[in-house]
Amino acid sequence: MRFESKLKADIKKSNTLGVNDLKARLNLESRPEPVLAMNNGQVKAVGRFSYLKALIPILLALVIAVLVYIMIPKDRGQSQYLIIDINPSFEIEYDQSGNVVGVFPYNEDAEIVLSNMEIKDCTLDSAVSQIFDKCVNLGYIGTEREDNAVLVSAVDEAGNKNEELTETIKMLFAKEFSTKKILGVVITGIVDSTLEDEASAHGVDVQKYAYIKEYIDMGGELDKEYKDVSIREIRSLIYEKEKEIKSQAIADIEKAKEGLQNGLELSLKGVLLEQIAILSKDIIENSEKIELYKAYLETLENGQLTDKEIQDILEEIKKNDEDGVLTEIAGGISQMLDKVNEAEKNLNSLNKTPEEMANEKLDKIGPIKDGMASEVEKWQQDMEQSASSNWLENKDKWKNDLEEIFKPKDKEPPKQGKQEG
Amino acid sequence: MGLDALAPKIASHDEKSFEALYQKLNKLVYLVCLSVLKDEALAMDLCQETFVTVWQRSHEFRGKGYKSWILTIAKNKSLNYLKKSQRDVLDGQEIEIEDTSVSIEDKVALKMAIEHLSTIDSQIVLLRISGMKAREVATFLGLPRGTVSWRYKEAIRHLEKMMKEERK
């Protein structure tokens, strides 16, 4: 049976006193009438002095009520809640005038910090300062550490984040760090509100939950309750996990690179060997033709030939390769060179260091993709082309238009003088 | 009939309405007292005192939230009792608690809930188990609703863990 069911059963078993006991008690405690019973059974109205005596408690109560009314602030307004997570985690309730109404520990560490502390009715500044000091004294904030972290968030009664107040509290903590010369960061939680329910179910602030979720999404594991993980700890775990992922990515890339290099080298080797085998066969089988071709080339290089002789030699070369074998061999060699060039290009693309590749992998935005870059390039080319074609098509018209505009206007014929005579 | 509607009738000392109120709320009032006092006999006593006050002072109640008003009386009475008893112990006067036949020993879960939880957590657990909604408990204790939900879950988890360990 689950604990809740057991507890329900226990509560059901608990009997309170019956209503008759209560009624009996009420009769015992019923207020006396303002009359006095005489020994002889007669009833006599109380005298003036006795009335005054009876009025004393009422008057006293009135005076107290007036005093209380004067002393109690008239309107404390709606409460606000401040969540502080160091890892002692607290919720501080305070009224609109900034006075602490109550402090609630979220975990055992917070209970330790709050023991023997009287911060109710203090101002928020003072409460923050006292909590900070106690956390330093108890070692929750390390004076020698550089990774101290405090998470603060302020919410109103409806649970909405109050960013202005969060910022104010952030400044208060920042001031504490600064005046006490302790290194640390103050984090304010402004994150996806869809996580709020999950965070609430785990009893942690939404920002802390977001950090924990990030860590777990990265493949991290926590061996304790979320509320017992300090904000410093979770940030440090994320940092370490990032490093681990990065180094793993570097190792993976190095391994992949090695494999790729081997693959490329092997494939190149294979292609070349195959090509060489074919070429070798062709070369051996056609060695006479090649020798003849070589001789023709040497003759041509000699240079002391007439045009007619050169023409004849070229005709001979042509005739020598009527079956196209020599052309095929030349093509094969050219193809082989192409393969070598392509392999070199591929190998060069692996020149980025694994770290650069890992950074790209970790970068959430990522580099501009090739597709995007070529799109931009294409657009640019289109624009240039359209501009130039417009120019070509219209240049004559535009030229005429310009000439028309700037053409010196014909001088008006001089006005005729007064007619003679 | 809602509890708020009973208030004016009880204020004019209608016994039937008072009985109806007692039947509906006595367990809840008792649990509030128990969560603060952590003693069944005392809780019963303070529960009765609460209803005596309700009988005598219902004419002072206005508006809505009669249930919350009654539970607040129970809580304040229990807290005042505790403060007074602490003062009396400091002054050298020992508090004599009436010997009653009530025993909590046979109610393991209830005993754990009141002994191993803080007063606030104990109140949250007992009130939620007794059927009060998280929103009502939050209003009554002056805590955010989310806090009540997660503190309840945490407390139950803690108690379940303890119960398992005790079984071992």
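Because the structure is a prediction, the values reported are computed rather than measured.

Asks: Mind laying out helix 11 (residues 307-320) of chain A, listing which residues take part and the relevant values?
Replies: Residues and elements named next belong to chain A. Taking 1.5 Å as the rise per residue, helix 11 with 14 residues should run 20 Å; its terminal C-alpha atoms sit 20 Å apart, in good agreement. Of the residues making up helix 11, those classed as buried are Ile313, Ile317 and Asn320. Relative to the axis of helix 11, the buried residues are bounded by an arc of 65° and lie together on one face. Opposite the buried face of helix 11, by more than 90 degrees, sit the exposed residues Asp307, Lys308, Lys318 and Lys319.

Asks: Can you break down the packing of helix 7 (residues 134-141) of chain B against helix 8 (residues 145-167) of chain B residue by residue, with the values?
Replies: Residues and elements named next belong to chain B. Viewed as axis vectors pointing N to C, helix 7 and helix 8 meet at an angle of 110°, and their least axial separation amounts to 8 Å. It follows that helix 7 is roughly perpendicular to helix 8 by the angle criterion. In this structure, helix 7 uses Ala134, Arg135, Val137 and Ala138 to contact helix 8, whose residues at the interface are Arg145, Val148 and Ser149. Looking at the contact of helix 7 with helix 8, its residues break down into 4 nonpolar, 1 polar and 2 charged.

Asks: Lay out the pairing of strand 5 (residues 100-105) of chain A with the relevant residues and their values.
Replies: Residue and element names in this part refer to chain A. For strand 5, the tally of buried residues reaches 5 of 6 residues, placing the bulk of the element in the interior. Relative to strand 5, strand 4 (residues 89-94) runs antiparallel, the two sharing 5 bridges. Pairing of Glu93 across the sheet is with Gly102, part of strand 5. Following strand 4, the chain reverses through 5 residues before pairing antiparallel with strand 5; Gly98 in that reversal takes a positive phi of roughly 85°.

Asks: Which residues make up the nonpolar core, and what values go with them?
Replies: Membership of the largest hydrophobic core comes to 63 residues, with the highest contact counts inside it found for Leu7 of chain A together with Phe18, Leu21, Val29, Phe51 and Tyr66 of chain B. The element best represented in this core is helix 2 (residues 15-37) of chain B, accounting for 12 residues. Those residues in contact with Val29 of chain B, other than ones at most four positions away along the chain, are Cys47, Thr50, Phe51, Ile70, Leu71 and Ala74 of chain B. Membership of the second largest hydrophobic core comes to 30 residues, among which are Ile92, Ala127, Phe132 and Ile169 of chain A.

What counts, and at which threshold
- Residues numbered from 1 in each chain as written.
- Chains lettered and ligands numbered in written order.
- Predicted model: local features only at pLDDT ≥ 70, side-chain atom pairs only at ≥ 80, totals over all residues.
- Heavy atoms only, no water.
- Helix = DSSP H or I, 4+ residues; strand = E, 2+ residues; numbered from the N terminus.
- Expected span 1.5 Å × (residues − 1).
- Buried < 20%, exposed > 50% of the residue type's maximum accessible area, 1.4 Å probe, protein only.
- Arc of directions from axis to C-beta.
- Axes fitted to C-alpha atoms, helices over the stretch in contact; angles between N-to-C directions.
- Parallel < 35°, antiparallel > 145°, perpendicular 65-115°, else oblique.
- Contact = heavy atoms within 4.5 Å.
- Nonpolar A, V, L, I, M, F, W, Y, C, P; charged D, E, K, R; others polar.
- Pairing = 2+ DSSP bridges.
- Core = buried A, V, L, I, M, F, W, Y, C linked by side-chain atoms within 4.5 Å.

By themselves, these observations are geometric and do not establish any function.
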